[in-house]
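Residues per chain, in single letters:
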Amino acid sequence: MIDWVWLAGHLDAIVYRTWQHVYLAALGVAIGFAISFVLALVAARYRLLYSPISALAGILYTIPSLALFAALISITGFSVVTAEVPLVMYTLVILVRNIVAGLDGVPAEVLEAADGMGYTRRQRLWRVELPLAVPLIVAGLRLATVSTIGLVTITATISDAFGGLGYFILDGYHRLTFLTEMYAGALPSILLALGADLLFVRVQRRVTPWAQARALEASS
Amino acid sequence: MPEQAAHRAAIVEYQHVSKSYATAKLPRSAPGAVNDLSLTVPAGKICVLVGPSGCGKTTSLKMVNRLIEPTSGRILIDGADVAGRDATELRREIGYVIQQVGLFPHQTVGANVAVVPRLLGWPAARQRERAEELLALVGLDPALYRDRFPAQLSGGERQRVGVARALAADPPLMLMDEPFGAVDPIVRERLQNEFLRLQAELAKTILFVTHDIDEAIKMGDLVAVMQAGGHLEQFAPPAEILAAPASEFVADFVGADRGLKRLSLTRVGEMALQPVVTARAGDPAGEARARTFADPFPYLLLLDPSDRPLGWVNQRHIPGTGTLARSLATPMSPLLDRRTTLKDALSMMLDADVQTGIVVDRAGRLRGVLTVEAIAAALRPSADPEVIAAGTSGAGS
Ligand SMILES: Nc1ncnc2c1ncn2[C@@H]1O[C@H](COP(=O)(O)OP(=O)(O)O)[C@@H](O)[C@H]1O
Ligand SMILES: [Mg+2]
């Protein structure tokens with residue numbers, strides 16, 4: 001059933017594609033986060049802009065990825081930009097909404113106390129609002145990362161140069177369903193997604209000891 | 001140096017201050033939240049703004065640290081118009097306590113208390129030192145509480161941390177908006193008493209908002225009674241508010257039990273205490289017995305060698321010979337100190353089902369006793385002048 005000889009001969013390729021997968025996903029989430037962060041701060045500061053920003057992100061999310069690749073190839077060619085633009089676009093809707101929700105979730109009395117103590121607006125944002133939004137921000141990153149890891153596989157449709165582990169899935173399919181190769185792509189990408197999920201759960205605990213204290217308190 | 005601020009208290013003046021929230025949507029027909037408020041809070045006093053919900057207390061308070069800007073009028077702190085100050089800088093010089101406390105959930109208790117020193121750029125070691133000093137001041141063991149998060153505190157502990165945080169940079173003025181409103185009555189009572197004890201040492205100028213007239217009478221050196229629409233109805237020491245309400249509204253708001261409320265204005269230290277027959281444990285019993293029978297009160301108060309009360313001994317239980325054993329003493333009346341209010345004293349006596357409270361000094365040594373009759377006498381109309389005079393002696397006007 002499993003072609004062990006093929007596997008043994010392609011270990012290097014599997015390792016390379018795994019790293020490519022991680023790289024493409026991480027780049028997409030990182031750029032997506034940077035853009036979302038700015039958009040969310042703007043939306044939180046100027047409430048009127050929140051609906052249009054959120055709606056725009058929602059519309060971007062609905063564009064089918066294959067159609068997007070096709071459209072982008074004519075502009076950015078077979079470059080990494082073509083692969084990353086859709087990945088980044090799909091993270092926006094999750095990240096913008098979570099960051100704004102995180103900022104919105106800061107209790108009014110905490111903001112009032114911060115103002116009353118003499119925080120400037122900027123100090124309040126960086127030292128009070130954002131730290132308190134961290135749980136929702138990390139939750140957004142977790143969701144965005146896991147879904148981006150899934151999406152990276154379809155960048156294989158652009159060219160052999162992309163796709164991460166998705167390359168094996170597509171290539172195996174083209175070889176009239178060479179299952180060993182398809183598994184060599186599918187299994188590690190599932191593991192990557194699970195691993196990323198677990199990693200974020202731990203990061204979450206690590207960076208919000210105060211929320212853990214609350215959870216402990218609630219359970220006791 | 002921040003230390004220079006120590007023991008400085010500010011004078012706060014409202015000069016014809018009005019605030020209307022009228023906007024395009026809420027046009028002029030909307031009544032003002034605060035209406036031509038003028039009053040002066042002397043340095044080092046607690047001024048309580050009291051009135052029904054929505055009468056403009058919070059608005060009045062927040063105009064002092066410019067969380068709200070007045071529509072007209074001026075507020076002066078030590079003669080300087082707050083409108084001319086940088087709002088952020090101004091707020092760092094004014095302590096601020098709110099009902100919901102608003103501790104920062106992501107910071108430890110120690111970091112919460114050191115918020116303003118941190119904003120002011122104090123060295124880290126000094127911040128830490130100050131936070132510990134303040135936690136101890138509000139009755140929280142720094143070793144135990146410093147590293148906890150707010151979620152791990154009870155409501156009363158949170159309020160204490162809120163007060164400590166407001167005191168951190170030793171501000172000459174504190175604004176407190178229903179600071180003890182979110183805790184149960186027993187904890188509230190304790191926090192009030194502790195705060196009064198603190199204030200006796202700190203002598204800050206305090207603007208204190210409450211909707212509870214009892215709290216106003218208890219906490220205030222001066223009480224400003226406000227009515228819906230932000231009108232000031234009366235501004236006077238609490239005894240005067242109780243004895244001579246300026247309007248129907250004030251009389252109603254203060255309530256029909258004004259007489260009883262006066263009890264909370266007089267402290268045990270202002271009353272003439274009665275002597276009582278005493279003896280130390282180990283004294284000759286026969287002599288003590290004779291003295292007790294010569295006194296109309298049928299009990300002897302047994303003291304330890306430092307004059308601290310041990311308990312009552314019924315005169316019939318005193319042996320004719322030998323010495324007085326500690327074991328003769330039966331459970332005690334409540335112990336009162338100079339700062340206990342007559343209301344609390346009476347309530348403690350009723351709870352303990354006794355007629356007499358034992359008054360002790362700071363070291364726990366006997367000063368005398370106070371009886372229920374003496375308290376009743378203080379309530380009688382003929383006793384008014386003294387009581388009122390005594391009650392107001394602490395309040396400057
Ligand atoms: N931001 C605001 N916008 C409009 N009206 C307000 C606002 N804040 C308070 N008010 C109104 O002003 C009045 C006084 O409010 P407030 O000062 O909070 O009263 P209090 O503290 O005595 O309960 C109330 O009628 C309230 O509804
Ligand atoms: Mg209020």
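Residues numbered from 1 in each chain as written. Chains lettered and ligands numbered in written order. Predicted model: local features only at pLDDT ≥ 70, side-chain atom pairs only at ≥ 80, totals over all residues. Heavy atoms only, no water.

**Examining the domain arrangement of chain B**
No. 1: Per the domain assignment, the segments of chain B are domain 1 (12-257) and domain 2 (268-391).
No. 2: If you average the C-alpha positions of domain 1 of chain B and of domain 2 of chain B, the two centres end up 39 Å apart. (Domains from an automatic or database assignment.)

**A look at the side chain of Arg 92 of chain B**
No. 1: Relative to the elements of secondary structure, Arg 92 of chain B occurs in helix 2 (residues 87-92).
No. 2: Look at Arg 92 of chain B: it is buried, it has no salt bridge, and the nearest opposite charge is Asp 86 of chain B at 7.0 Å.
No. 3: Apart from the residues lying within four places of it in its own chain, the contact partners of Arg 92 of chain B are Met 117, Gly 118, Thr 120 and Gln 123 of chain A together with Val 116, Leu 119, Leu 120 and Ala 169 of chain B. (Helix = DSSP H or I, 4+ residues; strand = E, 2+ residues; numbered from the N terminus. Buried < 20%, exposed > 50% of the residue type's maximum accessible area, 1.4 Å probe, protein only. Lys, Arg positive; Asp, Glu negative; His and termini not counted. Salt bridge = Lys/Arg side-chain N within 4 Å of Asp/Glu carboxyl O. Contact = heavy atoms within 4.5 Å.)

**A few points about the interface of chain B and chain A**
One widely used convention gives an interface's size as the accessible area the parts lose upon coming together.
No. 1: Across the contact, 25 residues belong to chain B and 21 residues belong to chain A.
No. 2: With both chains or domains summed, chain B and chain A bury close to 2000 Å², and 67% of this area falls on carbon and sulfur atoms.
No. 3: Sorting the residues of chain B by area buried against chain A places Phe 104, His 106 and Leu 119 of chain B first, and these three jointly supply 26% of that buried surface.
No. 4: For the interface between chain B and chain A, the tally reads one salt bridge.
No. 5: Notably, a salt bridge pairs Lys 62 of chain B with Glu 112 of chain A, separated by 3.5 Å at the nearest N-O pair.
No. 6: One can count five residue pairs in polar contact (both at pLDDT 80 or more) joining chain B with chain A.
No. 7: Tallying contributions element by element places helix 4 (residues 115-119) of chain B first for the side of chain B that touches chain A, with four residues.
No. 8: Partitioning the side of chain B that touches chain A into residue classes produces 13 nonpolar, seven polar and five charged. (Buried area = accessible area lost by both parts, 1.4 Å probe. Polar contact = N/O pair within 3.5 Å; in protein donor to acceptor, adjacent residues only side chain to side chain. Nonpolar A, V, L, I, M, F, W, Y, C, P; charged D, E, K, R; others polar.)

**Examining the pattern of salt bridges**
A side chain with one charge may pair with a side chain of the opposite charge, provided their charged atoms come close.
Residue and element names in this part refer to chain B.
No. 1: Counted under the stated rule, the structure contains 23 salt bridges over all chains.
No. 2: A salt bridge links Arg 66 to Glu 69, with the nearest nitrogen and oxygen atoms 2.9 Å apart.
No. 3: For Arg 66, a relative accessible area of 16% gives the class buried.
No. 4: Overall, Glu 69 belongs to the partly exposed group, its relative accessible area being 36%.
No. 5: Between Asp 307 and Arg 280 there is a salt bridge, with the nearest N and O atoms lying 2.9 Å from each other.

**Concerning the nonpolar core**
All names here are of chain B.
No. 1: Ranked by size, the top nonpolar core spans 48 residues in total, and within it Val 50, Val 113, Val 161, Val 163, Met 176, Phe 195 and Phe 208 carry the most contacts.
No. 2: Considering each element in turn, this core owes the most residues, six residues, to helix 8 (residues 185-202).
No. 3: The residues touching Phe 208, leaving out its near neighbours within four places in the chain, are Ile 46, Cys 47, Val 48, Leu 49, Met 176, Pro 179, Phe 180, Glu 215 and Met 219. (Core = buried A, V, L, I, M, F, W, Y, C linked by side-chain atoms within 4.5 Å.)

**Quick notes on the site of ligand 1**
Residue and element names in this part refer to chain B.
No. 1: What surrounds ligand 1 is the set Tyr 21, Ala 33, Ser 53, Gly 54, Cys 55, Gly 56, Lys 57, Thr 58 and Thr 59.
No. 2: At 2.9 Å from an oxygen atom of ligand 1 is found a main-chain nitrogen or oxygen belonging to Lys 57.
No. 3: One of the side-chain N or O atoms of Thr 58 is found 2.7 Å from an oxygen atom in ligand 1.
No. 4: Residues of the shell around ligand 1, tallied by class, amount to three nonpolar, five polar and one charged. (Near = heavy atom within 4 Å.)

**As for helix 8 (residues 166-174) of chain A**
Residues and elements named next belong to chain A.
No. 1: When we look at burial in helix 8, the residues that qualify are Gly 166, Tyr 167, Phe 168, Asp 171 and Gly 172.
No. 2: On its buried side, helix 8 packs onto helix 1 (4-9), helix 2 (11-45) and helix 9 (179-207).
No. 3: Phi for Leu 176, located one or two positions after helix 8, is positive at around 55°.

**Some thoughts on the packing of helix 5 (residues 80-104) of chain A against helix 7 (residues 121-152) of chain A**
Residues and elements named next belong to chain A.
No. 1: Viewed as axis vectors pointing N to C, helix 5 and helix 7 meet at an angle of 155°, and their least axial separation amounts to 8 Å. Taken as axis vectors, helix 5 and helix 7 run roughly antiparallel relative to one another. Judged by the twist between their axes, the crossing of helix 5 over helix 7 is right-handed.
No. 2: Considering only residue class, the contact of helix 5 with helix 7 consists of 18 nonpolar, six polar and one charged. (Axes fitted to C-alpha atoms, helices over the stretch in contact; angles between N-to-C directions. Parallel < 35°, antiparallel > 145°, perpendicular 65-115°, else oblique. Left-handed = near helix turned anticlockwise from the far one by under 90°.)

**A few points about the pairing of strand 8 (residues 205-210) of chain B**
All names here are of chain B.
No. 1: With six of six residues buried, strand 8 lies mostly within the body of the structure.
No. 2: Alternating residues of strand 8 divide into Thr 205, Leu 207 and Val 209 and Ile 206, Phe 208 and Thr 210, and every residue in both groups is buried.
No. 3: You can see the chain leave strand 7 (residues 173-177), run along helix 8 and come back into strand 8, and the turn it takes is right-handed. (Right-handed = clockwise from strand over helix to strand, strands pointing away.)

**What to know about a positive patch on the surface**
No. 1: The grouping of Arg 197, Arg 338, Arg 339 and Arg 362 of chain B at the surface amounts to a positive patch.
No. 2: Of the residues examined, Arg 338 of chain B reaches a relative accessible area of 55% and is grouped as exposed. (Patch = residues over 30% accessible without salt bridge, like charges linked within 9 Å, V, L, I, M, F, W, Y side chains within 5 Å. Areas by Shrake-Rupley, 256 points an atom, 1.4 Å probe, with all protein chains shown as cover. Charge placed at Lys NZ, Arg CZ, Asp CG, Glu CD.)

**Here's the deal with helix 5 (residues 124-137) of chain B**
Residues and elements named next belong to chain B.
No. 1: Here helix 5 spans 20 Å end to end across 14 residues, near enough to the 20 Å set by a 1.5 Å rise per residue.
No. 2: Those residues of helix 5 that sit buried are Arg 126, Gln 127, Arg 130, Ala 131, Leu 134 and Leu 135. Considered in projection along helix 5, the buried side chains sweep an arc of 165° and stay on one side of the axis.
No. 3: Buried residues along helix 5 sit against helix 3 (109-113), helix 4, helix 6 (142-145) and helix 7 (155-167).
No. 4: Within two residues after helix 5, Gly 139 carries a phi angle of roughly 85°, on the positive side. (Expected span 1.5 Å × (residues − 1). Arc of directions from axis to C-beta.)

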